[in-house]
Amino acid sequence: AAVAEMELDNIHEQTFLGRQQKAREGKWNGGFAPYGYRISDGKTHEPDILVIEEEEAKIVRLIYDYYTKDKLGVAGIVTECDRLGIRKIPRKNSTLTRMNRKFVSDVLSNPVYCGKIAYGRRHLEKPDKTGKRKMVKPQEYILVDGRHEAIIPYEQFQEAQRLREARAPMCVKRSDNEHAHLLA
């Protein structure tokens, strides 16, 4: 059992190092491509490179423009898209067509849209005594120039991050799983 556990740890470590290296090379590291991109099949572009899907990219640009130029918040962007009838294009990993706050927030916080590849932005901690795993956002992670084309300028992404930071104190979390609820 100890040998099997050591082998499993070794496989985990080698996989982790391989993914880090792929990220450092500016390639996509697996999983679904972010909204606005597709993963190259290797025929027309280099393999494992993100390629812009123009119809989806229009929505990404619109979200950034609403946020940075029109100064709308996440909820305001969702409301405005609903009002104008703007819908997402359904994909394999998300069949929803309506905008929602999580989608808009994820788009605004993802550096891939300004031509970067991030690896290790969030990961699951080891399970606690109850077997539950918690998502954490480390302070340091790999962030390099990707080999893909950016959908938005780097300056606009930086402006969005500055605005998100400035608006963050306005959105205070009211409850969490760490505290007992009175009637729970």
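Residues numbered from 1 in each chain as written. Predicted model: local features only at pLDDT ≥ 70, side-chain atom pairs only at ≥ 80, totals over all residues. Heavy atoms only, no water.

Enquirer: Would you explain the overall build of the chain in this entry?
Expert: Along the backbone of the chain there are five helices and six strands. Reading the chain from its N end, one meets helices and strands in the order α-β-β-α-α-α-β-β-β-β-α. Put simply, of all contacts in the chain between residues at least 6 apart along the chain, 59% involve residues at least 24 apart. Here the chain displays about 12800 Å² of accessible surface, and carbon together with sulfur accounts for 53% of that area. (Helix = DSSP H or I, 4+ residues; strand = E, 2+ residues; numbered from the N terminus. Contact = heavy atoms within 4.5 Å. Areas by Shrake-Rupley, 256 points an atom, 1.4 Å probe, with all protein chains shown as cover.)

Enquirer: Would you take a moment to explain the packing of helix α2 (residues 54–68) against helix α5 (residues 154–167) for this structure?
Expert: Two measures define how a pair of helices packs: the angle their axes make with one another and the distance between the axes. Packing of α2 against α5 leaves a shortest axis separation of 10 Å and a crossing angle of 50 degrees. By the angle between their axes, α2 is oblique relative to α5. The two elements α2 and α5 cross, and the hand of that crossing is left-handed. For the pair formed by α2 and α5, the contact residues are Y64, D65, Y67 and T68 on the first element and Q156, F157, E159, A160, L163, R164 and R167 on the second. Looking at side-chain class alone, the contact of α2 with α5 contains five nonpolar, two polar and four charged residues. (Axes fitted to C-alpha atoms, helices over the stretch in contact; angles between N-to-C directions. Parallel < 35°, antiparallel > 145°, perpendicular 65-115°, else oblique. Left-handed = near helix turned anticlockwise from the far one by under 90°. Nonpolar A, V, L, I, M, F, W, Y, C, P; charged D, E, K, R; others polar.)

Enquirer: Can you help me understand the pattern of salt bridges in this one?
Expert: Where charged atoms from two side chains of opposite charge approach closely, those side chains can pair. Applying the stated criterion to the full structure yields 15 salt bridges. In this structure, E55 engages K58 in a salt bridge whose closest nitrogen and oxygen atoms are separated by 3.1 Å. A residue pair is termed a helical-turn pair when its members lie 3 or 4 positions apart in one helix, as E55 and K58 do in helix α2 at three residues. On the basis of relative accessible area, K58 is assigned to the partly exposed category, the value being 46%. Close ionic contact of R87 with D82 constitutes a salt bridge, the shortest N to O distance being 3.2 Å. (Salt bridge = Lys/Arg side-chain N within 4 Å of Asp/Glu carboxyl O. Buried < 20%, exposed > 50% of the residue type's maximum accessible area, 1.4 Å probe, protein only.)

Enquirer: Where do I start with the side chain of T68 in this structure?
Expert: Relative to the assigned elements, T68 resides in helix α2. Look at T68 and you get buried, because its relative accessible area is 7%. Once you skip the residues sitting within four places of it in the chain, T68 turns out to touch Q156, E159, A160 and L163.

Enquirer: I tried to follow the environment of A23 on my own but got confused; where do I start?
Expert: Secondary-structure assignment places A23 in helix α1 (residues 2–24). For the pair A23 and I117, spaced 94 residues apart in the sequence, the C-alpha separation amounts to 6.4 Å.

Enquirer: Would you mind going over the confidence of the model for the chain with me for this structure?
Expert: When the pLDDT values of the chain are averaged, the result is 85; 86% of them are 70 or greater. When mean pLDDT is taken per element in the chain, α2 scores highest with 95 and strand β5 (residues 135–136) scores lowest with 64. (pLDDT = per-residue confidence, 0-100.)

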